[in-house]
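# Report on the structure
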Amino acid sequence: MTAFEETEEDGESGLGEQEQALLAVERRSWPGPGAKERAVRERLGLSPTRYYQLLNALLDDPRALAHDPVTVNRLRRVREEKQRRREG
């Protein structure tokens, strides 16, 4: 049994609270411009720049994919599309 399977049995993905909070922010829909950034500052205590740095690193973490595959795969597709536009 892998370490991941052991944590899954306990109902946990192995992600820390902050990592889970980052994904939770991305799962929500936001009413207008600035609402998400305001929530990031108030709830997570992070600047938007730092938030996106942490989120980008989290997208490459297999634990994040296991925790929330729908959100992580959606964000990976968005990231890849942006990279293609820059290169193209």
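A brief report on the enclosed structure follows.

The rules we used
- Residues numbered from 1 in each chain as written.
- Predicted model: local features only at pLDDT ≥ 70, side-chain atom pairs only at ≥ 80, totals over all residues.
- Heavy atoms only, no water.
- Phe/Tyr/Trp six-rings, centres within 6.5 Å; stacked < 30°, edge-to-face > 60°.
- Lys NZ or Arg CZ within 6 Å of the ring centre and 35° of its normal.
- 1 Å grid on protein atoms, 1.4 Å probe; cavity = no way out; pocket = protein on both sides within 12 Å on 5 of 7 lines; lining within 4 Å.
- Points joined across faces, edges and corners; volume = space filled by probe spheres on them.
- Helix = DSSP H or I, 4+ residues; strand = E, 2+ residues; numbered from the N terminus.
- Nonpolar A, V, L, I, M, F, W, Y, C, P; charged D, E, K, R; others polar.

This part covers the packing of aromatic side chains. Going through the model one piece at a time under the given rule, you end up with one aromatic pair. Note that Arg-28 overlies the ring of Trp-30, its terminal NZ or CZ placed 4.0 Å from the centroid.

With that settled, consider the layout of surface pockets. Taken as a whole, the largest pocket spans an internal volume of roughly 280 Å³. Forming the boundary of the largest pocket are Glu-26, Lys-36, Tyr-52, Leu-55, Asn-56, Leu-59, Leu-75, Val-78, Arg-79, Lys-82, Gln-83 and Arg-86. For the lining of the largest pocket, the element with the most residues is helix H6 (residues 69-87), which contributes six residues. Of the residues belonging to the lining of the largest pocket, the class tally is five nonpolar, two polar and five charged.

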